Amino acid sequence: MTTPTDLTISGKRATLADVAREVGLSPSTVSRALDPGRSSMVNSATRERIMEAAGRLGYRPDVQARSLMTGRTQTIAVIAADLGNTWVTPIVHGIASRVSVEGIVPIIAETNDDSAVLANLIDHMLSRRVDGMIILAARLPDAAVISSAARIVPLVVAARGLPAVDVPSVTVDDRLGGEVVAEHFADLGHQVVAQLMGPPDVSNFSLRREGFSAAAKRRGLRELPILGEAALPTQEEGRRLMHQLLTDATGRPTAVFAQNDPMAVGAIVALRELGFAVPDDISIAGSNDMPLTEVLTPGLTTVRYPGWEVGHAAAAVAIRLLDRAEHVDSVILDPVLVPRASTTAPLGAATLAGGENVD
């Protein structure tokens, strides 16, 4: 019987034939048991025995040989905008948890929200012959390059939608996310509201804007005009836009929707710099429910983004494309409002133009 010691002394790498001899089965049966795509063809008791022996012998599949037989590299590219953004982390975890079941390894890269970098990364991933791609970094101007890539490999757009590209997508209903914030403000009694707009070439922010404005109009709220847009959805931009809103707007809102959590944190910093209290003077809401938003002072009202579920669903869609499913539907998940201490009913009466209150 072959033992780990024998293999170590010989200096040879354990092979599929070694595992087959160890368990007394044919190499074809062992091959099926160790192939994620075919393991269900082997009964569970036999499969467990084979996997135990493979682990004990230190067997590792020959990826190059398998690639030659199947035409696959068992890799998938995952391209995000900013890996330092904690909004991205659960999405990537969701992807990794799903593809690992299929024996697929994700190759993860970031664009720093730069379209030129995205184009270069797509070219690089294609040269590595990845089996497919999941794009988390799409901006509206990226439609052409993503469409071109989708003609070469199975591709899924996730997290950030791209309506102009005819590929499956996995997104959250961001329009509904904007609506629930405006409804929340109206339910609290606010009458004058505003938005801090994220980059308009990212569909998430445009949809949140549309949803918020539609619900505000439906509920009879006065929405102050948007005076500027963030170049990137960052805390610094939220701070800048909040300063601009309170300096240039023809009126002062009692509630502000910052279109993501970092921008909301920046808005709170700006309000404190200007001598306003949150939420007593102005309520603030964000979007995404990023880690630690609940322990801010005050805790941030936000719209929870189901990141892990988005990633897991995106990977499932990608696997269906790899399996050449006849029809693959896009997926849209629902957001959920998480009220916290950064929003409350306005003090006194509604705020009118010029920041004056009336009884």
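Along each chain, numbering runs from 1 in the same order as the chain's sequence is written. Local features in a predicted model are, by the rule used here, given only for residues with pLDDT of at least 70; side-chain atom pairs are given and counted only at 80 or more, and totals for whole chains, interfaces and linings are based on all residues. Water and hydrogen atoms were dropped before computing side-chain values, which therefore reflect all heavy atoms in the structure.

1. Description of unusual backbone geometry
What you tend to see is this: most non-glycine residues have negative phi, and most peptide bonds are trans.
Thinking step 1. With omega at 10 degrees, the peptide bond leading from Val278 into Pro279 counts as cis.
Thinking step 2. Within the element layout of this structure, Pro279 appears in the loop between α12 (261–273) and β9 (283–285).
Thinking step 3. Of note, the amide linkage connecting Thr297 to Pro298 takes the cis form, showing an omega dihedral of 0 degrees.
Thinking step 4. Strands here mean DSSP runs of E at least two residues long; helices mean DSSP runs of H or I at least four residues long; both are numbered from the N terminus. Inspection of the secondary structure assignment puts Pro298 in the loop between β9 and β10 (302–304).
Thinking step 5. Its identity as a non-glycine residue notwithstanding, Asp113 has a phi of 60 degrees, on the positive side.
Thinking step 6. Of note, Asp113 is situated in the loop between β2 (105–110) and α7 (115–127).

2. A look at the pattern of salt bridges
Thinking step 1. For this analysis, a salt bridge means a side-chain nitrogen from Lys or Arg found within 4 Å of a carboxyl oxygen belonging to Asp or Glu. Tallying each qualifying case throughout the model produces 18 salt bridges.
Thinking step 2. The partner of Arg219 in a salt bridge is Glu183, and the shortest N-O contact between them spans 2.4 Å. In this pair, Arg219 is assigned in the loop between α10 (203–218) and β7 (222–223) and Glu183 in helix α9 (residues 174–188), connecting sequence segments 36 residues apart.
Thinking step 3. Think of it in three bands: with a 1.4 Å probe and only protein chains considered, a residue is buried below 20% of the maximum accessible area for its type, exposed above 50%, and partly exposed in between. Taking relative accessible area as the criterion, Arg219 reaches 35% and is therefore assigned partly exposed.
Thinking step 4. A salt bridge links Glu237 to Arg240; the nearest nitrogen and oxygen atoms lie 2.8 Å apart. Of the two residues, Glu237 and Arg240 are both situated in helix α11 (residues 235–248); the distance of three residues between them amounts to about one turn of the helix.
Thinking step 5. Judged by its relative accessible area of 36%, Arg240 falls in the partly exposed class.
Thinking step 6. Shared partners join several salt bridges into a network, and the residues in it are Asp113, Arg139, Arg160 and Asp201.

3. Remarks on the confidence of the model for the protein
Low-pLDDT stretches of the model should not have their predicted coordinates read in fine detail.
Thinking step 1. Values of pLDDT, which run from 0 to 100, indicate the predictor's confidence residue by residue. Of the residues in the protein, 90% have a pLDDT of 70 or more, and the chain-wide mean is 89.
Thinking step 2. Here residues 1–10 scores under 50 on pLDDT; set against residues more than four positions off or in separate chains, the count is 13 contacts.
Thinking step 3. Only heavy atoms matter for contacts: two residues are in contact if any of them lie within 4.5 Å across the pair. The model gives residues 349–359 a pLDDT under 50, and that stretch makes 21 contacts with residues more than four places away or in other chains.

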